[in-house]
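Structure at a glance
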Amino acid sequence: MTQSLRRPVVAGMVALLIAALVTASPATAAPVLYEAENATIINGLVESNHAGFTGTGFVNAANAVGSAVEFSVQMPAAGSRNLLFRYANASSANRPASLSINGVNHSTVLFAPTGGWTTWISAAVNAVALSNGTNLVRISASTSNGLPNLDSLTVDDGVGGGEQPIEDPIPQNPIASGLGLVLTEYATFPQSQPVPTPTDQRLVRRARINALGEIPGTTGRRFVPDLNGKLYVLPAGGGTPATYLDVRQVVGANFFSGRGLGSGFGFVAFHPEFATNGRFYTVHSEAFSGGLGMPTDWTQTGAVVHSILTEWTATNPAAATFSGTRRPLLRLGFGTYIHAIQQIDFNPNATPGSADYGMLYLAVGEGGRGLNTTQPQARNLPFGKILRIDPRGTNSTNGRYGIPASNPFVGQAGTLGEIYALGMRDPHRFSWDRGGTGRMFLGHIGEHSIESVYDVRAGDNFGWSQREGKWVYRNSDPCNVYTLPANDSTLGFTYPVAAYDHNPPTDWNCSSDLGRAIAGGFVYRGSALPALQGKYFFGDLVQGWVFYTNESAMVRGSATLAPIYQLKIFTSSGTQTSMPTLAGDARVDLRFGTDRAGELYVLSKANGKIWKVTGVQGSAP
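Quick summary incoming for the structure in this document. (Residues numbered from 1 in each chain as written. Predicted model: local features only at pLDDT ≥ 70, side-chain atom pairs only at ≥ 80, totals over all residues. Heavy atoms only, no water.)

Taken together, five strands build an open sheet; the order of strands is β2-β5-β10-β7-β8 and the sheet is antiparallel. Edge positions in the open sheet fall to β2 (40–42) and β8 (104–111), since each of these has one partner strand only. In this sheet, adjacent strand axes meet at a mean angle of 25° when their direction is disregarded. As paired strands, β2 and strand β5 (residues 68–75) are joined by three bridges and run antiparallel to one another. Across the sheet, isoleucine 42 pairs through a bridge with alanine 68, a residue of β5. (Pairing = 2+ DSSP bridges. Helix = DSSP H or I, 4+ residues; strand = E, 2+ residues; numbered from the N terminus. Axes fitted to C-alpha atoms, helices over the stretch in contact; angles between N-to-C directions.)

Below, the structure is given as structure tokens:
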């Protein structure tokens with residue numbers, strides 16, 4: 001089965017389209033649609049007063065704990081199936097429900113708000129084991145809010161116990177939101193040039209600005225790195241960028257930014273006590289003969305680029321430009337020009353004296369080697385991992401940094417103590433929620449199918465390259481994903497809390513770049529825009545789509561993914577627009593930033609501009 005058979009699904013018609021588009025094969029059973037009005041209803045009524053339902057109506061269950069709908073699902077043979085519950089929920093809160101199979105509790109399904117009683121979406125529960133014959137599939141309200149309006153249950157083909165690829169892994173597309181962000185231009189950056197001259201036109205940008213943050217202990221100074229070499233600073237009000245440090249000039253002839261979308265001066269992280277100790281950390285690339293001749297701490301075979309973690313110490317932290325010293329901490333060799341060290345950062349929630357204070361996190365990609373090796377799962381290698389180090393310690397193998405005793409794998413034979421979490425392809429951007437529970441969220445770029453958000457905790461294994469999102473990945477068929485095996489719960493993988501799939505066109509060749517890649521973002525905890533409070537903002541860095549999902553809906557271990565909403569974009573004058581229009585390019589190269597107050601910023605490499613989110617139009621569910 002080729003990738004071209006995976007068709008886009010229109011939100012609100014998931015159940016009917018799956019039934020119409022998927023053809024049964026000898027190894028599978030065709031998806032079956034079960035209308036809720038024909039099921040057993042416990043404390044509820046069949047109604048038809050909200051348009052958009054399928055069949056003859058939908059079930060409006062009573063707002064009470066235990067109100068339920070039970071479907072009798074017929075199976076010609078035991079097997080694993082995907083369940084799609086089509087529903088509408090116009091309330092502002094999740095309506096959690098207990099899913100039971102043949103009287104045995106299976107999982108909790110979070111029926112998130114859909115924005116209206118005529119807006120129907122599907123909540124998917126994947127890889128549910130069903131028995132031969134009749135199976136009682138019951139969904140029961142867990143709170144006094146009751147169930148949403150329930151339209152139907154589609155029992156997907158379950159891909160024959162994992163032998164057939166999944167046509168549409170995430171049937172529910174991002175939902176068009178009534179909420180819009182007002183963007184006000186904040187700064188424009190000067191033209192910069194990659195070195196060497198790129199052969200890939202995707203690197204020909206005005207300024208390859210990669211992030212925005214605020215320097216700790218200063219009066220609102222913002223920092224912005226450009227992959228082509230310069231570290232800029234801005235005043236709190238924006239305006240004209242000033243060069244604080246030219247990493248490319250200091251590194252010299254070995255500096256490299258002309259191959260690979262993430263090569264160059266990738267990221268900067270300021271120590272929380274920078275105002276007094278002057279220390280900050282950068283990661284940059286070297287790939288000319290002099291750089292590749294340097295000894296590495298770990299390397300992939302045939303390395304073509306090195307990523308170097310460096311500590312810088314400013315003589316005067318308050319100075320407008322850097323003057324001081326630098327020392328290398330870590331050098332990694334990568335076998336391709338993609339997926340090297342993507343981000344470094346400190347946990348802003350950590351307080352002095354706590355175990356996490358001053359610990360530096362590194363998102364290390366797998367260098368493109370996950371397609372044909374197990375390196376992301378290998379615990380004796382740093383590739384495809386999040387590392388956590390003490391940059392002032394000395395107990396590492398090279399003696400230039402420390403390995404925190406609180407790391408999850410310290411002392412385990414054959415395992416690097418630096419590893420905080422593993423099993424990643426391209427861990428592109430991570431951030432901590434600076435309110436609520438303070439969780440760490442990661443935007444993870446997938447291969448050909450899934451873009452994911454993970455709730456990251458110590459010791460997690462996200463499964464790459466055995467998993468892409470919550471699906472089986474096979475390097476023998478990189479164009480598709482497959483359902484989970486029956487014993488998956490025993491394998492120790494952690495799955496996304498939110499995700500969207502690629503929905504390729506029918507004629508797409510999966511060896512080409514479709515142009516889908518997640519840009520991880522931030523949970524809004526600012527005070528200027530109360531309507532955004534508690535929402536995790538992220539996007540698609542290629543297309544420039546801006547999304548959010550509610551932080552409270554991103555639940556680890558939930559049977560359902562948090563719904564994703566696509567935002568409208570407005571100019572400061574109130575005109576609706578789009579990120580490609582603002583960026584002046586179909587490829588936006590979208591990034592997000594935040595200041596110490598928690599306010600949001602949107603960046604584009606295409607035209608080297610930053611916008612601040614200064615207002616809100618409309619409303620959200």
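So, next bit.
This part covers unusual backbone geometry. With omega at -5°, the peptide bond leading from valine 195 into proline 196 counts as cis. Considering the arrangement of structural elements, one finds proline 196 in the loop between β12 (175–188) and β13 (213–214). Its identity is not glycine, yet aspartate 589 carries a phi of approximately 55°, on the positive side. Within the secondary structure, aspartate 589 sits in the loop between α6 (579–583) and β37 (590–594).

With that settled, consider the packing of aromatic side chains. Taken as a whole and assessed by the stated rule, the structure comprises 32 aromatic pairs. Every member of this aromatic cluster is reached through a ring pair, and the members are Phe223, Tyr244, Phe270, Phe274, Phe280, Trp312 and Phe322. (Phe/Tyr/Trp six-rings, centres within 6.5 Å; stacked < 30°, edge-to-face > 60°.)

Our focus in this paragraph is the sheet that holds strand β25 (residues 419–422). In sheet architecture, strand pairing relies on hydrogen bonds along the backbone and comes in two forms, parallel and antiparallel. Read from one edge to the other, the open sheet built from four strands follows the order β22-β23-β24-β25, with strand pairing classed as antiparallel. The strands lining the two open edges of the sheet, one partner per strand, are β22 (341–346) and β25. Averaged over all adjacent pairs, the angle separating strand axes in this sheet is 15°, with direction ignored. Inspection of the sheet shows strand β23 (residues 360–364) paired to strand β24 (residues 385–389) by five bridges, in the antiparallel sense. The partner of leucine 362 across the bridge, within β24, is leucine 387.

As enumerated under the stated definition, the model contains 21 salt bridges in all. A salt bridge links arginine 222 to glutamate 214, with the nearest nitrogen and oxygen atoms 2.8 Å apart. The burial state of arginine 222 is the same as that of glutamate 214; both residues are buried. Where aspartate 455 meets arginine 439, a salt bridge forms, and the shortest distance between an N and an O atom there is 2.9 Å. One end of the pair, aspartate 455, is in strand β28 (residues 450–456); the other, arginine 439, is in the loop between β26 (426–432) and β27 (440–445), and 16 residues separate them in sequence. Arginine 439 matches aspartate 455 in its accessibility class, with the two residues each being buried. (Salt bridge = Lys/Arg side-chain N within 4 Å of Asp/Glu carboxyl O. Buried < 20%, exposed > 50% of the residue type's maximum accessible area, 1.4 Å probe, protein only.)

Remember that the coordinates give geometry; whether it matters functionally is a separate question.
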